[in-house]
Amino acid sequence: QVQLVQSGAEAKKPGASVKVSCKASGYTFTSYALHWVRQAPGQRLEWMGWIHAGNGNTKYSQKFQGRVTITRDKSASVAYMEVSSLTSEDTAVYYCARDNLNYACDYWGQGTLVTVSS
Amino acid sequence: QSALTQPRSVSGSPGQSVTISCTGTSSDVGGYNYVSWYQQHPGKAPKLMIYDVSKRPSGVPDRFSGSKSGNTASLTISGLQAEDEADYYCCSYAAYAGIDCWVFGGGTKLTVL
């Protein structure tokens, strides 16, 4: 069965960076894209970016362009999302989700809580 | 890339139907048939309920249906059940000034009375 397993919770200081991983299993990793979506406490879902696991092409929300980097390791079936220059406003649960080839997210990771506090 | 507009809350009694709207622009909802809907229970990851405006993934009850007219998409839940109480988010593929992306709505809290 399709599974996306994310790395554990992180606590960071303002100005630091965080890198979250998303390990995929149960399907051909390189045939699909993966989205990254975040949700601040009590807030809406927010799309951050996307990577096609096969060719490595990426797309980013203009809001995060330049501060977010999404990569993947095909050999390990893992996608990564790194956010730099963290502020308290980046405190959120970060999700990876598989694109179902129709621009929708059919499988989601369990989420990774990133807390930014001095 | 503003969020799509959804009502903050809707409510209905068990057995009734409710409709949640999602309004965007011709650059997102109105321009593409890539609208999806997600159900999220507290503390849980979102779950895909509708994609391509009106298609249901395997396992989603046919009580859930989607449609679109112009720049507004809608999710209708018929025969409301207690377990339908959750937050619902719409999402659309979009292209703004030639840059493609995805945009979510602000979310709607569904209360089953």
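Scroll up a little and you will see the structure.
First, a word on scope: everything that follows refers to the structure included in this document. (Residues numbered from 1 in each chain as written. Chains lettered and ligands numbered in written order. Predicted model: local features only at pLDDT ≥ 70, side-chain atom pairs only at ≥ 80, totals over all residues. Heavy atoms only, no water.)

Attention now moves to the overall build of chain B. The helix and strand inventory of chain B stands at zero helices and nine strands. Since a compact globule built from 113 residues should have a radius of gyration of about 13 Å, the 13 Å found for chain B is in line with a globular shape. C-alpha extents for chain B along the principal axes are approximately 45 × 25 × 25 Å. Every one of the 113 residues in chain B was classed for burial, and the buried ones make up 48%. Across chain B, the fraction of contacts at a sequence separation of at least 24, relative to all contacts at a separation of at least 6, is 58%. Of the accessible surface of chain B, which amounts to about 4900 Å², a share of 46% is contributed by carbon and sulfur atoms. Positive and negative charge centroids in chain B, built from 8 and 8 side chains respectively, lie 2 Å apart. (Helix = DSSP H or I, 4+ residues; strand = E, 2+ residues; numbered from the N terminus. Rg over C-alpha atoms; globule rule 2.2 N^0.38 Å. Buried < 20%, exposed > 50% of the residue type's maximum accessible area, 1.4 Å probe, protein only. Contact = heavy atoms within 4.5 Å. Areas by Shrake-Rupley, 256 points an atom, 1.4 Å probe, with all protein chains shown as cover. Lys, Arg positive; Asp, Glu negative; His and termini not counted. Charge placed at Lys NZ, Arg CZ, Asp CG, Glu CD.)

Once that is clear, we can look at the sheet that holds strand S2 (residues 18-23) of chain B. The pairing of strands in a sheet comes from backbone hydrogen bonds and takes either a parallel or an antiparallel form. Residues and elements named next belong to chain B. Pairing within the open sheet is antiparallel, and its three strands lie in the order S2-S6-S5. With partners counted over all chains shown, the strands left at the sheet margins are S2 and strand S5 (64-69), one partner each. Averaged over all pairs of adjacent strands, the angle between their axes in this sheet comes to 20°, without regard to strand direction. Relative to strand S6 (residues 72-77), S5 runs antiparallel, the two sharing six bridges. Looking across to S6, one finds that serine 65 is bridged to threonine 76. (Pairing = 2+ DSSP bridges. Axes fitted to C-alpha atoms, helices over the stretch in contact; angles between N-to-C directions.)

The interface is formed by 21 residues belonging to chain B together with 22 residues belonging to chain A. Linking chain B with chain A are one salt bridge. Asp100(B) serves as the salt-bridge partner of Lys59(A), at 3.0 Å between the closest nitrogen and oxygen. The interface formed by chain B and chain A contains nine residue pairs in polar contact (both at pLDDT 80 or more). Elements with a minimum of two residues in the side of chain B that touches chain A: strand S3 (35-40), strand S7 (86-96) and strand S8 (99-104) of chain B. (Salt bridge = Lys/Arg side-chain N within 4 Å of Asp/Glu carboxyl O. Polar contact = N/O pair within 3.5 Å; in protein donor to acceptor, adjacent residues only side chain to side chain.)

Residues and elements named next belong to chain A. One open sheet holds the four strands; their spatial order is S1-S3-S8-S7, and the pairing between them is antiparallel. Sheet topology places strand S1 (3-6) and strand S7 (68-73) at the edges, where each strand pairs with a single neighbour. The average angle at which neighbouring strand axes cross in this sheet is 20°, direction not considered. Alignment of S7 against strand S8 (residues 78-83), held across six bridges, turns out to be antiparallel. Within S8, the residue paired with threonine 71 across the bridge is tyrosine 80.

Next up on the list: the packing of aromatic side chains. Throughout the structure, instances matching the rule amount to 12 aromatic pairs over all chains. Both rings, one in Trp50(A) and one in Trp102(B), keep their centres 5.9 Å apart while their planes meet at 20°; by these two values the pair is stacked. Of this pair, Trp50(A) sits in strand S5 (residues 45-52) while Trp102(B) sits in strand S8, on two different chains. You'll find Trp50(A) and Trp102(B) in the same group, each marked buried. Measuring from centroid to centroid gives 5.2 Å for Tyr103(A) and Trp102(B), while their planes differ by 85°, and the two rings are edge-to-face. Of this pair, Tyr103(A) sits in the loop between strand S9 (92-99) and strand S10 (105-108) while Trp102(B) sits in strand S8, on two different chains. When the ring centre of Trp50(A) is taken as reference, the NZ or CZ atom of Lys59(A) above it lies at 5.0 Å. Above the face of the Tyr27(A) ring, Arg98(A) is positioned so that its terminal group lies 4.7 Å from the ring centre. (Phe/Tyr/Trp six-rings, centres within 6.5 Å; stacked < 30°, edge-to-face > 60°. Lys NZ or Arg CZ within 6 Å of the ring centre and 35° of its normal.)

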